[in-house]
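# Overview (structure and organization)
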Amino acid sequence: MAAISTIFRLLLLISFVPSLFSQDTVFDVELVHRDSPKSPLYNSSMTPFDQLQAAVVRSVDRASYFDKRIDMNTSFDIELGLEYNGGEFMMRFGIGTPNTQSVLGIVDTGSYLNWVDCAGCQCFNLSGALFFPNASLSYKKLSCYSDECNSFRMGRCNTDKTCRYHATYSDGSNIDGIFSSETLSFTSLDTNQITFIPNILFGCNSRSLHTRIDDPGSSIGLGPNSPSLIHQLAPKYISNYFSYCLDMFDGGDASRLFLGRGKRTITGTTMVTPLMTQDNFYAVQLNAISIPDEFDIFLPTRSKLRAGNIIFDSGSVMTILDTEVVDRLVLELTNYISLPTVETGPLKLCFNVFSTEQEELLPGLWFSFDGTLGNFRVRPENLFRWFDRHVKCMVIVERRGVQVFGNIMMQDVLVGHDLDKMELTIIEKKCTELYKP
């Protein structure tokens, strides 16, 4: 019986030959927002106002988490005792063969580890799908003597000689599991073609005991460090590049993640700025915020980051800026916008808006990043959101510490990370227009 199983495994691996992939291969993957009805985290009792208010809290908590990692100069949570804090969008992928199991995993551009809650897991939250390793012929536990385990800083040798990991977080949570490899598959939304990638490294969780943080039971790390998904795929299967377009209106059905760079040219006004990495974050240099011919606000030169001064993070909803910058921005915009202001609590600048004509008085802002093509205009609809009935607020939060460029300001633009040229690009393009022939 063991011999038959081995033969099946060999046949499966032979069928997934890396040479079939060219460097212009792109995996076009669906993204699901955590507040979408498609999400296992969806709460039907929450209004859009409730969702935005909850997003403010998550964004501030995530920035605090970034601060602690930067202060400790590490990308490894196990060294910090930090509370896990995931992202906002989930990607759909398949895991295992020959009976592929469908999974939704949080996409985190600030994380390096891929993990899935496995069958039998003592999990705090079973809202997501569990992975059944015994049902897959391509699943493999990694030995604690393997090169993969030795290069994995969380890896520990267990009594059965498998590569185990354990993390304890500051909220009393614990995560335990086996460092493993498995075949992942992606279904292209354009062609409906399924592509299988063997031997992807991931954590198979056997215990995930959290006390308050929700997650769907799976996470995909897209940070620059090994063993993140982009680090494993490039350059063997795809170019060292990924991009995403986030759609947060009407259920967000057009949100997509593109792994790799294709031949197709995407046209539109383009911003390009140098991309830097630190502690598994992607950072850029933001120099000024302005409305041309009205005001310029220059960012302070000091920064907690060694390179750049703001983290570009798809997992944060709100943009977090230094308190002095936000104070100046509030002053300038209050003078510029002829609408009555209203206090809401967590957000610094809100206006009473009772008509379409009044809504049109809300402006966009220019963000000036490093580089000759570094100017990016954040549109009014990406800068102000409904916080309550007849109340629209600026989605920028003040805070001392690390600065974060959040995903509401990335709404309906294509954000690209080129890890060969080390460039971040933003192309003004509605997500739905990316799929037109």
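Right above here is the structure, for reference.
Only a predicted model underlies this, so the values are computations on that prediction, with no experimental measurement involved.

### Some thoughts on the sheet that holds strand S21 (residues 365-369)
Judged by pairing direction, the sheet is antiparallel, and its four strands sit side by side in the order S17-S16-S21-S22 without closing on themselves. Across the chains shown, the open sheet's two edge strands, defined by having one partner strand only, are strand S17 (295-298) and strand S22 (375-378). Each strand of the sheet is rotated relative to its neighbour by a mean of 25°, with strand direction disregarded. The sheet contact formed by strand S16 (residues 286-291) and S21 spans four bridges and is antiparallel. Residue pairing across strands places Leu286 opposite Phe369, the latter belonging to S21. Across the sheet, helix H5 (residues 323-336) lies against S16, S17 and S21, angled at about 170° from S17, the strand it touches most.

### Thoughts on the pattern of salt bridges
For the structure on display, the rule yields 18 salt bridges. Salt-bridge contacts for Arg62 lead to Asp108; the nearest nitrogen and oxygen are separated by 2.6 Å. Remark: Asp108 occurs in strand S3 (residues 101-108) and Arg62 occurs in helix H2 (residues 48-72); sequence separation between them is 46 residues. Classification of Arg62 as buried rests on a relative accessible area of 1%. In this structure Asp108 comes out as buried when scored by relative accessible area, which is 2%. Arg399 serves as the salt-bridge partner of Asp67, at 2.5 Å between the closest nitrogen and oxygen. Placement of Asp67 in helix H2 and of Arg399 in the loop between strand S25 (396-398) and strand S26 (404-405) is noted, with a sequence separation of 332 residues between them. The exposure class assigned to Asp67 is buried, which follows from its relative accessible area of 7%.

Rules used in this analysis
Residues numbered from 1 in each chain as written. Predicted model: local features only at pLDDT ≥ 70, side-chain atom pairs only at ≥ 80, totals over all residues. Heavy atoms only, no water. Pairing = 2+ DSSP bridges. Helix = DSSP H or I, 4+ residues; strand = E, 2+ residues; numbered from the N terminus. Axes fitted to C-alpha atoms, helices over the stretch in contact; angles between N-to-C directions. Contact = heavy atoms within 4.5 Å. Salt bridge = Lys/Arg side-chain N within 4 Å of Asp/Glu carboxyl O. Buried < 20%, exposed > 50% of the residue type's maximum accessible area, 1.4 Å probe, protein only.

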